[in-house]
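Structure assessment
Next come the chains, spelled out residue by residue.
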Amino acid sequence: MFQIEAVKSSVQRLIIVGNWKMNKLLAEARQLVSRLRELTPAVPGVQVVLAPPFTAIHAVKEALAGSDYFNLAGQDLYWEGYGPFTGEISAPMLRDSGCSHVIIGHSERRQHFGEDDQGINKKVRAALQHELSPILCVGETLPEREAGQTDTVVTRQLLRGLDGLNEAEVGRIMVAYEPVWAIGTGRAATVEQAEAVQGRLRRILRETWSRAPGEPTTPILYGGSVTPVNAGELLNSKHVDGALVGGACLDPEAFAKIIQSAQTCVRAS
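Residues numbered from 1 in each chain as written. Predicted model: local features only at pLDDT ≥ 70, side-chain atom pairs only at ≥ 80, totals over all residues. Heavy atoms only, no water.

Quick word on the pairing of strand 6 (residues 174-177)
Covered by surrounding structure in strand 6 are Met174 and Ala176 together with Val175 and Tyr177, the residues of both alternating faces. Note: strand 5 (residues 133-138) against strand 6, four bridges, orientation parallel. Following the sheet pairing, Val138 is matched in strand 6 by Tyr177. Alignment of strand 6 against strand 7 (residues 220-223), held across three bridges, turns out to be parallel. From the neighbouring strand, Val175 faces strand 7, where its bridge partner is Ile220. (Buried < 20%, exposed > 50% of the residue type's maximum accessible area, 1.4 Å probe, protein only. Helix = DSSP H or I, 4+ residues; strand = E, 2+ residues; numbered from the N terminus. Pairing = 2+ DSSP bridges.)

In structure tokens:
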């Protein structure tokens, strides 16, 4: 069995994803992106992904015209490509709108909309089929952490979410560890807590899909109350390849500082 490396993963970049959730009207979206572009010069080694609500994807794409530094993501999708599924969005629709990524299995989808690992796996497969990069979210609730079930929960979510995929497909995926108790609470995981879980996720990925240390690895992001204050410490930790940012990404100044923290980490590496 492969051992966890004592150094940062071999992913050669840091990835910052901004999940806008159900926020921003069209004018607000354009204003946010315009200001963010002013504050964020491109730096090699840092990838930025914006996940606006579906209604704002086109407006954000227009506001990003001429920039190849920012990528677009959907916040969810349905596993069928077309058909009588009122209210749903498909992978081909996201691709057609300019998205290159999609968030799948966010805890708010699991909690509020009853999403389970089987459906999440179908969504991951659909995304890959249509050339979208899935950002698979995993994470435990506070009662699960207090009961000592963190490893069991995130292992189950990871393996079931990626069930049936081959090594090449897993290489096209990002995993985001988001402890549910830290999302929107202002209570981020400590670096030690994040590293412990993300190190376990990295080991499972390597052992299950035969990835030896030193080979390109699946990026593992941290999410849950990431702010300009704690971003630098989290991004400097050895098993963290980036951040999935919620509330702070709605403020262009705050989000730019998080991106700048990533840029500082890359320059120092």
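Considerations on the packing of aromatic side chains
For the structure shown, the criterion picks out four aromatic pairs. Relative to Phe70, the ring of Tyr69 has its centre 5.6 Å away and its plane inclined at 85°; by these criteria the two rings are edge-to-face. Its relative accessible area of 8% is what places Phe70 among the buried residues. What links up through ring pairs into an aromatic cluster is the set Tyr78, Trp79 and Phe85. Here Arg109 stacks its cationic end above the ring of Phe113, 4.2 Å away from the centre of that ring. Sitting above the plane of the Trp79 ring, Lys122 keeps its charged end 4.7 Å from the centroid. (Phe/Tyr/Trp six-rings, centres within 6.5 Å; stacked < 30°, edge-to-face > 60°. Lys NZ or Arg CZ within 6 Å of the ring centre and 35° of its normal.)

Focus: the confidence of the model for the protein chain
Here the protein chain averages 91 in pLDDT, and 93% of its residues register 70 or above. Every residue in residues 1-7 is under pLDDT 50, and counting partners more than four places away or in other chains gives 20 contacts. (pLDDT = per-residue confidence, 0-100. Contact = heavy atoms within 4.5 Å.)

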